[in-house]
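# Breakdown of the fold
Now for the letters of each chain:
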Amino acid sequence: MDLSKLNKEQKTAVEHRKGPLLVLSGAGTGKTRVLTSRFVYIVKNLNVKFNKIIAVTFTNKAANEIKERVNLELQSSIDTPWIGTFHSIFAKFLRKHSNLVKLKSNFTILDIEDQKKLLKQVLDYCKIEKDINEGIYHNEIQNLKDNKILFYENKKISKFSSIERLDDIYSFYQQRLIEINAVDFGDILLHSYTILFNNEDIRNSYQKFIEHILIDEFQDTNLIQYDLIKLILNSNKNLFCVGDDDQSIYAWRGANIENIINFPKEFNSPVVRLTKNYRSNSSILEAAACIISNNKNRLGKDLVSFNKNIPDQKINLNSFYSQEEESLWISDNISKKFQDDNSIGVLVRLTAQMRSIEDKFIKYALPYEIIGGPRFFDRKEIKDILAYLKLANSFKDDLSFERVINLPKRGVGDQSVKLIIDNAREKKLSFFESLELLYNDNNLPGSLMLKTKPFIEIIKKTSDLINKTTLEDIGIFIIEESGYLKMLENEKNKLKQVENESRIDNLKEFVNALSEFENLDDFLEHVGLVNENQKKTHSNSVKLMTLHAAKGLEFDHVYLPGWEEGIFPSSRALEQNSSKSLEEERRLAYVGITRAKFDLNLSYATSRYTYGMNNYSLPSRFLNEISNIEKNSSNTIEDHSEFNLTKKITSDNIQLSPGKKRMLEFLKKNTK
């Protein structure tokens with residue numbers, strides 16, 4: 001094995017003899033090469049059989065990459081079940097010992113859609129009629145499993161979640177899974193943990209067989225994943241963990257940063273820091289260090305640029321009056337740089353920011369794709385409100401009727417919908433016309449009359465408002481009067497649905513989109529063209545994504561828009577007012593900055609038009625933490641005159657709030 005390609009730090013990690021080791025691998029420092037080289041070194045130099053090594057990753061792509069590199073180094077085709085994701089590795093373990101948790105070895109792994117279908121059956125059986133859909137229960141049950149809480153631990157369940165009767169639902173759901181010989185993703189790890197914890201003989205056999213364990217992206221492990229690994233760890237504690245505490249950004253889905261922070265003390269382990277960065281220039285690394293150094297809960301390291309082929313270029317900061325100007329400038333600037341052989345990424349904190357940027361990309365005929373999620377107009381909440389609009393615009397839109405007749409839930413079940421559809425077919429009417437006729441003729445059951453009356457009224461009222469008021473007002477009317485916004489807020493506040501904050505932001509941005517059109521037909525045509533545009537394929541495209549989806553990627557040119565208080569850091573982090581949430585936001589900023597190789601563009605808008613109101617913004621506190629931003633006159637609001645679509649801010653035409661004064665002081669300081 002040729003170790004000459006490794007730098008001194010990488011070589012030290014790879015040649016570690018035995019016992020635990022934490023490899024603190026900064027962004028762009030070659031962690032995959034180290035992990036792969038370590039695997040090969042254990043086989044060749046420590047004379048350990050490859051099937052006695054576990055290498056755990058978080059994605060199938062990473063697992064396949066490790067397998068390919070190991071095969072290349074060993075010049076063979078190794079076939080081992082122990083290189084893969086946590087779920088793929090322990091699914092094999094579970095099949096071998098399935099009888100211990102009342103399963104057969106040929107159990108089925110249900111996908112999310114089937115899990116929700118099964119939960120819907122359970123909810124019907126338990127006669128749960130509240131306005132909580134099966135998706136909410138699904139998330140809560142998966143969270144319980146990630147925290148090692150079993151279905152019969154009622155006290156722990158009630159302490160963990162405020163949802164009524166969750167213990168009953170969880171219990172019946174697990175019973176049904178066993179009855180149909182199936183598991184969900186949470187079961188794969190929880191059943192495996194239960195088997196290992198309760199069966200000493202099995203635990204000992206794996207501890208004796210497995211000689212080394214390698215974990216990639218260690219900072220992303222949650223409670224059950226880490227505890228599972230520790231159960232099969234042998235007496236030599238040969239645990240080789242590669243990760244970066246500064247890139248721990250998944251607390252919202254259970255990742256526990258304390259796993260990596262506490263590792264050196266927990267195992268009395270040495271730490272090897274990989275600090276030579278082969279991706280970014282020194283300006284980008286300096287900016288990233290400026291921000292992340294403000295975090296207290298970190299192990300610490302200083303990255304140094306070691307790629308002489310990367311151009312040395314200063315970081316740009318641009319300010320704009322509105323998000324529309326910001327999006328327009330980004331698109332214009334990208335159009336000047338776009339080539340088939342370069343890579344460009346636009347990374348946003350909130351999905352709602354994408355809408356304006358997508359629109360401008362289309363106007364500039366820039367090929368783009370969304371990474372890690374649907375396009376703006378394909379998001380569920382947007383399609384739901386669009387369905388209301390379409391139905392109000394045309395009572396004959398049966399597809400839209402079916403989508404929203406019971407959304408939010410109003411007690412109109414499948415049998416009721418069948419009654420409406422059968423009548424429509426018999427009388428050759430649209431579904432909405434059928435419902436209206438049945439209602440007017442009093443041919444619906446009494447309870448259904450009450451449940452459908454508000455729905456009929458809102459569709460009729462919305463239809464009447466078309467061409468009489470602005471689309472913006474119509475959008476707000478539907479979102480609020482339909483109960484859709486209330487549904488999302490209830491789920492967010494009472495059921496801890498964190499993602500609903502993003503969904504609410506998306507609806508507000510949807511209203512902004514409506515405000516840009518004179519009539520509904522033009523808007524619906526625009527939506528259709530946006531969706532049609534994405535069907536075209538290109539050899540290269542601009543990548544648009546959230547900061548969370550950007551982890552692990554790199555680009556020649558990176559744009560980070562929306563660096564404002566309330567967007568980045570997010571309003572949720574500010575509301576929590578805790579160092580923990582703010583440090584996670586700062587790590588997210590670190591990830592975003594370190595995606596860039598040499599061209600990094602930060603920007604913010606001094607005002608954002610949201611849900612019918614113009615809100616003034618304060619630049620992100622993170623900007624004040626960066627000492628090496630390019631500060632010159634080209635970055636002032638006034639110098640972006642060709643992108644100024646609206647009236648500029650002056651102290652003469654508005655009454656300055658304290659926040660506005662601070663913002664202007666910031667601009668003055670940063671544009672000298």
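Going by the structure above, here's the rest.
Residues numbered from 1 in each chain as written. Predicted model: local features only at pLDDT ≥ 70, side-chain atom pairs only at ≥ 80, totals over all residues. Heavy atoms only, no water.

### Regarding the sheet that holds strand β7 (residues 239-243)
Note the following rule: We treat two strands as partners when DSSP finds at least two bridges between them. Under the DSSP-based scheme used, a helix requires at least four consecutive residues in state H or I and a strand at least two consecutive residues in state E, with every element numbered from the N terminus. Geometry is summarised by axes, namely lines fitted to C-alpha atoms with helices restricted to the contacting stretch, and by angles between N-to-C directions that run from 0 to 180 degrees. Should any heavy atoms of two residues lie within 4.5 Å, those residues are considered in contact.
A sheet is described by the order of its strands in space; here six strands give the open sequence β3-β2-β6-β7-β1-β8, paired in parallel fashion. The open sheet has two edge strands with one neighbour each: β3 (83-85) and β8 (271-274). Strand-to-strand twist across the sheet, computed as the mean angle between neighbouring axes with direction ignored, equals 15°. In the sheet, strand β1 (residues 21-25) pairs with β7 via four bridges, with the strands oriented parallel. Bridging from a neighbouring strand, Leu 24 pairs with Gly 243 of β7. Lying over the sheet, helix α2 (residues 31-44) contacts β1, β2 (53-57), β3, β6 (212-215), β7 and β8, oriented at roughly 170° with respect to β6. The strands touched by helix α3 (residues 60-74) within the sheet are β2 and β3, with β3 carrying the most contacts at an inclination of about 170°.

### Structural notes on the packing of helix α14 (residues 323-337) against helix α15 (residues 354-363)
For clarity, the threshold we go by: Should an angle fall under 35 degrees it is called roughly parallel, over 145 degrees roughly antiparallel, and 65 to 115 degrees roughly perpendicular, with every other angle called oblique. Here is the rule for handedness: rotate from the far helix to the near one, and if that takes an anticlockwise turn smaller than a right angle the crossing is left-handed, while a clockwise turn gives right-handed.
Two elements in contact, α14 and α15, have axes whose closest approach is 9 Å; the angle formed by their N-to-C orientations is 45°. In terms of their interaxial angle, α14 and α15 are classed as oblique. The two elements α14 and α15 meet at a crossing, and its hand is right-handed. Contacts between α14 and α15 pair Gln 323, Glu 324, Ser 327, Leu 328, Ile 330, Ser 331 and Ile 334 from the former with Arg 355, Ser 356, Ile 357, Lys 360 and Phe 361 from the latter.

### What to know about the pairing of strand β14 (residues 542-546)
Applicable threshold: With a 1.4 Å probe rolled over the protein chains alone, any residue whose accessible area is under 20% of its type maximum counts as buried; one over 50% counts as exposed, and the rest are partly exposed.
Of all five residues in β14, five are buried, a share of seventy percent or more. On β14, burial covers both faces: Val 542, Leu 544 and Thr 546 on one face and Lys 543 and Met 545 on the other are all buried. Looking at chain direction, strand β12 (residues 344-348) and β14 are connected through four bridges and run parallel. The residue of β14 that forms the bridge with Val 348 is Thr 546. Here strand β13 (residues 368-370) pairs with β14 via three bridges, running parallel. Along β14, the bridge assignment pairs Tyr 368 with Val 542.

Read these as layout, nothing more, since geometry by itself doesn't imply function.
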